[in-house]
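Summary of structural features
If you want the building blocks of each chain, they are given just below.
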Amino acid sequence: MTDVTPELLPHPRVLAAFGLTGPPVLLAGGQGQSVFADGAVLKPAGSAEGVEWAAELFAGVQGDEGFRVPRPLRSAAGGYVVDGWMASEFVAGESGPAGRWDELLVAGRAFHRALRTVSRPDGLDREQHRWAVADRVAWGETTVAVPPDVREPLRGLCALLQPVEAPSQLVHGDLTGNVLFAPGLAPAVIDFSPYWRPVSYADAIVAADGLLYYDEDRELVESAVPGADGLQMLVRALIFRLVALAVPPGPEGVVPADEMRRFTRVGDRVARWIVG
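Criteria and thresholds
- Residues numbered from 1 in each chain as written.
- Predicted model: local features only at pLDDT ≥ 70, side-chain atom pairs only at ≥ 80, totals over all residues.
- Heavy atoms only, no water.
- Helix = DSSP H or I, 4+ residues; strand = E, 2+ residues; numbered from the N terminus.
- Rg over C-alpha atoms; globule rule 2.2 N^0.38 Å.
- Buried < 20%, exposed > 50% of the residue type's maximum accessible area, 1.4 Å probe, protein only.
- Contact = heavy atoms within 4.5 Å.
- Areas by Shrake-Rupley, 256 points an atom, 1.4 Å probe, with all protein chains shown as cover.
- Lys, Arg positive; Asp, Glu negative; His and termini not counted.
- Charge placed at Lys NZ, Arg CZ, Asp CG, Glu CD.
- Phe/Tyr/Trp six-rings, centres within 6.5 Å; stacked < 30°, edge-to-face > 60°.
- Polar contact = N/O pair within 3.5 Å; in protein donor to acceptor, adjacent residues only side chain to side chain.
- Patch = residues over 30% accessible without salt bridge, like charges linked within 9 Å, V, L, I, M, F, W, Y side chains within 5 Å.
- Salt bridge = Lys/Arg side-chain N within 4 Å of Asp/Glu carboxyl O.
- Pairing = 2+ DSSP bridges.
- Expected span 1.5 Å × (residues − 1).
- Arc of directions from axis to C-beta.
- Core = buried A, V, L, I, M, F, W, Y, C linked by side-chain atoms within 4.5 Å.

Overview of the overall build of the protein
Scanning the protein for helices and strands turns up 9 helices and 9 strands. Relative to the globule expectation of 19 Å for 276 residues, the C-alpha radius of gyration of the protein, 19 Å, shows essentially globular dimensions. Across its three principal directions, the C-alpha atoms of the protein cover 60 × 45 × 35 Å. Here the protein holds 276 residues, and 47% of them are scored as buried. The contacts of the protein with a sequence gap of at least 6 include a subset with a gap of at least 24, amounting to 71%. Of the roughly 13400 Å² that the protein leaves accessible, carbon and sulfur atoms contribute 54%. Counting 24 positive and 35 negative side-chain charges, the protein places the centres of these two groups 3 Å from one another.

Printed below as a string of structure tokens:
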């Protein structure tokens, strides 16, 4: 944690509204926007509607076994957003799945079991951020223009797609870096990224991240999403990650070369697994 320049701080009235004092300091991660104060984490709220809904959801899964979630803080006025800021309790733990893949997957599945009866939120259909768009592309619900260097790898992944049948529910679509581990405590699930998809798709995103960024191999894939249907979920997860990188494109209009090498390498490997 480091000192924060004043222009990045929530206004003192925001801290007061959540019953916090200070001093505020910047947390590592959180895209450089998360602030710690008085045992709480504050961050820009984005969609107030989405934050209020997610806060009520997280408040309802407190105490479930197998995982922790940060407790959202209500303001003095009763809401969860004040002047564009939200707050939740700070949860102990460190991120980093290497060597903890099984723990991460078990915690994610426990979290998803706690969500299995939650109704589909209407707000998901209104999301237009790049991850929401990429998710729809992965499931054939929309198409999107991508930079020239992305077209061939994306075409190759799409050529591997086959129909799958699996029930959808509310899932966290970005677990890999958002599960915290602490000795003696259940893993903590943070920074909820909601999608209405099969649980196996959420697990496949974890496996895709392992292949792309942690030099993992098929052992992780078989642990996360075994069988032919699992490979189909993996293809969708790779499309999701690739399109999210490409929309919008980087500052030079292309996805970074090292990212393209990763997707080409992993896409070729998955194609061999599927085709045989």
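Structural notes on unusual backbone geometry
Non-glycine residue Asp83 carries a positive phi angle of around 50°. Considering the arrangement of structural elements, one finds Asp83 in the loop between helix H2 (48–60) and strand S5 (85–89). If you check the backbone angles, Asp215 has positive phi at about 55° while not being a glycine. On the secondary structure map, Asp215 appears in the loop between helix H6 (199–213) and helix H7 (218–224). Using a relative accessible area of 67% as the deciding quantity, one classes Asp215 as exposed.

Observations regarding the packing of aromatic side chains
Overall, the coordinates contain 10 aromatic pairs when judged by the stated rule. Measuring from centroid to centroid gives 5.7 Å for Phe111 and Phe192, while their planes differ by 80°, and the two rings are edge-to-face. Here Phe192 lies in the loop between strand S8 (188–189) and strand S9 (194–197) and Phe111 lies in helix H3 (residues 101–114), a separation of 81 residues in the sequence. Judged by relative accessible area, which is 16%, Phe192 ranks as buried. Here Tyr195 and Phe240 contribute two aromatic rings whose centre-to-centre distance is 5.7 Å and whose plane-to-plane angle is 80°, an arrangement assigned as edge-to-face.

Topic: the side chain of His172
Along the chain, the position of His172 falls in strand S6 (residues 169–172). Engagement of the side chain of His172 in a polar contact is seen with the backbone nitrogen of Asp174, the distance being 3.1 Å. In terms of polar contacts, His172 uses its side chain to reach the backbone carbonyl oxygen of Ile190, at 2.9 Å. In this structure His172 touches Phe111, His112, Asn178, Val189, Ile190, Asp191, Phe192, Ser193 and Ala202, once residues within four positions along its chain are discounted.

With respect to a negative patch on the surface
A surface patch of negative charge is lined by Asp102, Glu103, Asp217 and Glu219. Relative to the elements of secondary structure, Glu103 occurs in helix H3.

Points about the pattern of salt bridges
Counted according to the given criterion, the structure contains 15 salt bridges. Between Glu222 and Arg218 there is a salt bridge, with its nearest N and O atoms 3.4 Å apart. On the criterion of helical spacing, the pair formed by Glu222 and Arg218 is a turn pair, its members being 4 residues apart in helix H7. Because the salt bridges share partners, they merge into one network encompassing Asp135, Glu141 and Arg197.

As for the pairing of S9
Where burial is concerned, the two faces of S9 differ: the one with Tyr195 and Arg197 is buried and the one with Pro194 and Trp196 is not. Pairing of S6 with S9, which is carried by 4 bridges, proceeds in the antiparallel orientation. Residue Val171 lies in a different strand from S9, and its bridge partner there is Tyr195.

Brief notes about helix H5 (residues 148–159)
When the terminal C-alpha atoms of H5 are compared, their 17 Å separation across 12 residues agrees well with the 16 Å that a helix rising 1.5 Å per residue should span. Along H5, the positions that sit buried rather than exposed are Val150, Pro153, Leu154 and Leu157. Along the axis of H5, the buried residues cluster in a sector spanning 100°; they form a single face. Opposite the packed face of H5, turned more than 90 degrees from it, sit the exposed residues Pro148, Glu152 and Ala159. In the core, the buried residues of H5 are packed alongside helix H8 (227–246) and helix H9 (257–275).

Some words on the nonpolar core
Membership of the largest hydrophobic core comes to 63 residues, with the highest contact counts inside it found for Leu234 and Leu238. Among the elements that line this core, the one with the most residues is H8, at 12 residues. With residues up to four places along the chain from it excluded, the contact list for Leu238 reads Leu157, Ala208, Leu212, Phe263, Val266 and Val270. Leu15, Val35, Ala40 and Val82 belong to the second largest nonpolar core, which has 13 residues in total.

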